[in-house]
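Chain by chain, the residues run as shown.
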Amino acid sequence: MALPFEWSWLFVLSEWAIRIAMLFYVPQRRNPAAARTWLLLIFLEPWLGLAIYAAIGRISLPRRRLALQTRASARIRAVLDQWLVNAHFAEPDIAPELSQAVTLARNLGDLGIVDGNAFELIDDSEAMIARLIADIDAARIHVHLLFYIFEDDATGRRVADAAIRAAGRGVKCRVLMDGAGSARALKRLAPKMRAGGVSVLAMLPVGIFRQKAARFDLRNHRKIVVIDGCIGYAGSQNIADAESEPGLVSEDLTVRVRGPVVSQLQVIFLADRFIEVEQRIDTPDLFPAPTQPGTAAAQALPSGPGYRYANAQKTMVALIHGARERVAITTPYFIPDDAFLQAMQTAVLRGVEVHLVVSARADHRFVRHAQESYYEALLEAGVHIHRYRPRFLHAKHMSIDDSVAFIGSSNVDLRSFTLNNEISLLIYAAEVVEKLRAIEERYFASSELLTAKKWARRPLWLKVLQNTARLADSLL
């Protein structure tokens, strides 16, 4: 039924009132690309756009969670600093050209560089799970697992059973699962794990009536393992079968580390746990007497909406600007901001060889179309774009020259940079970068190398679809 004349005018006026008010409000403390996306939605559908904006338009955590994160970070930084002092660690010598990157990451994420680490790169999903289970089976003191996706499938059950076995031996097993990404496991697998003596908590729970509920689109996307305070894991792989969807097999990269930087993974785990339960764990076994099983210098970089800046984005952009010879970026999702794009283009103009490795297979078609809209400008600038064919490449890492490896859970997209809690490791060791570059070369050999000429010949309808999808880049 049509609205009466007076109500029709009131509705039209209300829409224009929303448009005008949001034109002034939305751009505040927001980059132009994000403001553009929101204003486009609001101008097309004012009331719908206003409702969506009210739900997810501002990147913020509840004040209670922010206060808890501040308390946790301050407390654990103090503990870690004292641990390093007691261990008589001196900051390692680092090449002058890398000193600013080290300082930047420390100022952003509060964690400094430590020497004496040993790294193992694992690019086989089954091998990673087997190695993880072996480490859990050998644990004597504690097992800490933090994952965005801990699935109730064959792989998830194998890891859960290993944790239950460890708990049966008296090992303290603490598991953190993201409230959305691990929803099935929290409902089905967690009760079995708790019955077996494993502590399982949901991170960033979603729910209107939950006291510490978070915005539903803010997620803890980290993947962290700490065993006995001396073995750590970080990277892109979740606790889930590699073939999560029929015909779509994921390929990841995980780093297994021994040495002082494991303590930094430990403090990030403890901070996330404290935010959920507001209980400190002060047992001395959390930070055992440090050893130096290797020679690699490294530092952990946490990022997320609880930090003032987009830590991962700023660090990656700075590393690209500092590159002298070669940059290789591997990511399954590529929805960059202007600063990231300009860093890549500027690097090429400086004579740096820049590679971007993405997956030819996709699990989200709309996201794939959006990321493909960026290829033309990059190809024209001289960036080498490789589309990896064998599997869905879910790995997330970057190498800079022969001096820095950046490995973790962060995608190159606005969601990872601003909405998700992420963890990355910066590794300043030529021997680790050499191993990472060998993996990258394997990617290149199994990829389609795009050319500007060939890409320009794609159908017009596809160009329109890609550019239309790009308009929603701030929502993806």
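Residues numbered from 1 in each chain as written. Predicted model: local features only at pLDDT ≥ 70, side-chain atom pairs only at ≥ 80, totals over all residues. Heavy atoms only, no water.

## A word on the overall build of the chain
Here is step 1 of the chain: Looking only at helices and strands, the chain features 18 helices and 20 strands.
Here is step 2 of the chain: Pairs at least 24 apart in sequence give 81% of the contacts found in the chain among residues at least 6 apart.
Here is step 3 of the chain: Taken as a whole, the chain presents about 20,900 Å² of accessible surface, with 57% of it coming from carbon and sulfur. (Helix = DSSP H or I, 4+ residues; strand = E, 2+ residues; numbered from the N terminus. Contact = heavy atoms within 4.5 Å. Areas by Shrake-Rupley, 256 points an atom, 1.4 Å probe, with all protein chains shown as cover.)

## Quick look at the nonpolar core
Here is step 1 of the chain: Within the largest apolar cluster, 51 residues are counted, with the highest numbers of intra-cluster contacts made by F340 and M344.
Here is step 2 of the chain: The element that contributes the greatest number of residues to this core is helix 12 (residues 338–349), accounting for 6 residues.
Here is step 3 of the chain: Other than its neighbours up to four places away in sequence, F340 contacts M316, V317, I320, I329, F334, V412 and F417. (Core = buried A, V, L, I, M, F, W, Y, C linked by side-chain atoms within 4.5 Å. Buried < 20%, exposed > 50% of the residue type's maximum accessible area, 1.4 Å probe, protein only.)

## With respect to the packing of helix 6 (residues 125–137) against helix 7 (residues 154–168)
Here is step 1 of the chain: Remark: helix 6 packs on helix 7, axes separated minimally by 9 Å, with the N-to-C direction vectors making an angle of 10°. In terms of axis orientation, helix 6 runs roughly parallel to helix 7. Crossing angle aside, the handedness with which helix 6 passes helix 7 is left-handed. Judged by residue contacts, E126, I129, A130, L132, I133, I136 and D137 of helix 6 engage T155, R158, V159, A162, A163, R165 and A166 from helix 7. (Axes fitted to C-alpha atoms, helices over the stretch in contact; angles between N-to-C directions. Parallel < 35°, antiparallel > 145°, perpendicular 65-115°, else oblique. Left-handed = near helix turned anticlockwise from the far one by under 90°.)

## So, the pattern of salt bridges
Here is step 1 of the chain: Taken as a whole and judged by the stated rule, the model has 23 salt bridges.
Here is step 2 of the chain: A salt bridge links E120 to R256; the shortest N-O distance between them is 4.0 Å. With E120 in strand 1 (residues 114–122) and R256 in strand 9 (residues 254–258), this pair connects stretches of sequence that are 136 residues apart.
Here is step 3 of the chain: For R256, a relative accessible area of 10% gives the class buried. (Salt bridge = Lys/Arg side-chain N within 4 Å of Asp/Glu carboxyl O.)

## Quick notes on the packing of aromatic side chains
To describe a pair of aromatic rings, you give the distance between the ring centres and the angle between the ring planes.
Here is step 1 of the chain: In total, this model carries 6 aromatic pairs according to the counting rule given.
Here is step 2 of the chain: For the ring pair Y375 and W455, a centre distance of 5.4 Å and an interplane angle of 50° mean the geometry is tilted. Of this pair, Y375 sits in helix 14 (residues 375–381) while W455 sits in helix 17 (residues 452–456), placing them 80 residues apart in sequence. Accessibility assignment for this pair places Y375 and W455 in one class, buried.
Here is step 3 of the chain: Put simply, the rings of F334, F340, Y374 and F417 pair up and form one aromatic cluster. (Phe/Tyr/Trp six-rings, centres within 6.5 Å; stacked < 30°, edge-to-face > 60°.)

## Re the sheet that holds strand 8 (residues 248–251)
Here is step 1 of the chain: The strand order across the open sheet formed by 3 strands is 7-8-15, and the pairing between neighbours is mixed. In this open sheet, the two strands that pair with only one neighbour each are strand 7 (243–245) and strand 15 (392–393).
Here is step 2 of the chain: Bridging between strand 8 and strand 15 involves 2 bridges; their strand directions are parallel. Paired with E251 across the strands is L393, a residue of strand 15. (Pairing = 2+ DSSP bridges.)

## Details of unusual backbone geometry
Comment: phi is negative for the bulk of residues other than glycine, and the bulk of peptide bonds are trans.
Here is step 1 of the chain: Backbone geometry places D110, a non-glycine residue, at a positive phi of 75°.
Here is step 2 of the chain: Here D110 lies in the loop between helix 5 (99–109) and strand 1.
Here is step 3 of the chain: Judged by its relative accessible area of 32%, D110 is partly exposed.
Here is step 4 of the chain: Of note in the backbone geometry, D228 takes a positive phi value of approximately 60° without being a glycine.
Here is step 5 of the chain: Assignment of secondary structure puts D228 in the loop between strand 5 (223–227) and strand 6 (231–235).
Here is step 6 of the chain: On the accessibility criterion, D228 (7% relative accessible area) is buried.

## Examining the packing of helix 11 (residues 311–322) against helix 12
Here is step 1 of the chain: Between helix 11 and helix 12, whose axes approach to 9 Å, the crossing angle comes to 10°. Classified by the angle between their axes, helix 11 and helix 12 sit roughly parallel to one another. As helix 11 runs across helix 12, the sense of the crossing is left-handed. Between helix 11, through Q313, M316, V317, I320 and H321, and helix 12, the contact on the second element is made entirely by A339, F340, A343, M344, T346 and A347.
Here is step 2 of the chain: Here the contact of helix 11 with helix 12 is composed, by residue class, of 8 nonpolar, 3 polar and no charged. (Nonpolar A, V, L, I, M, F, W, Y, C, P; charged D, E, K, R; others polar.)

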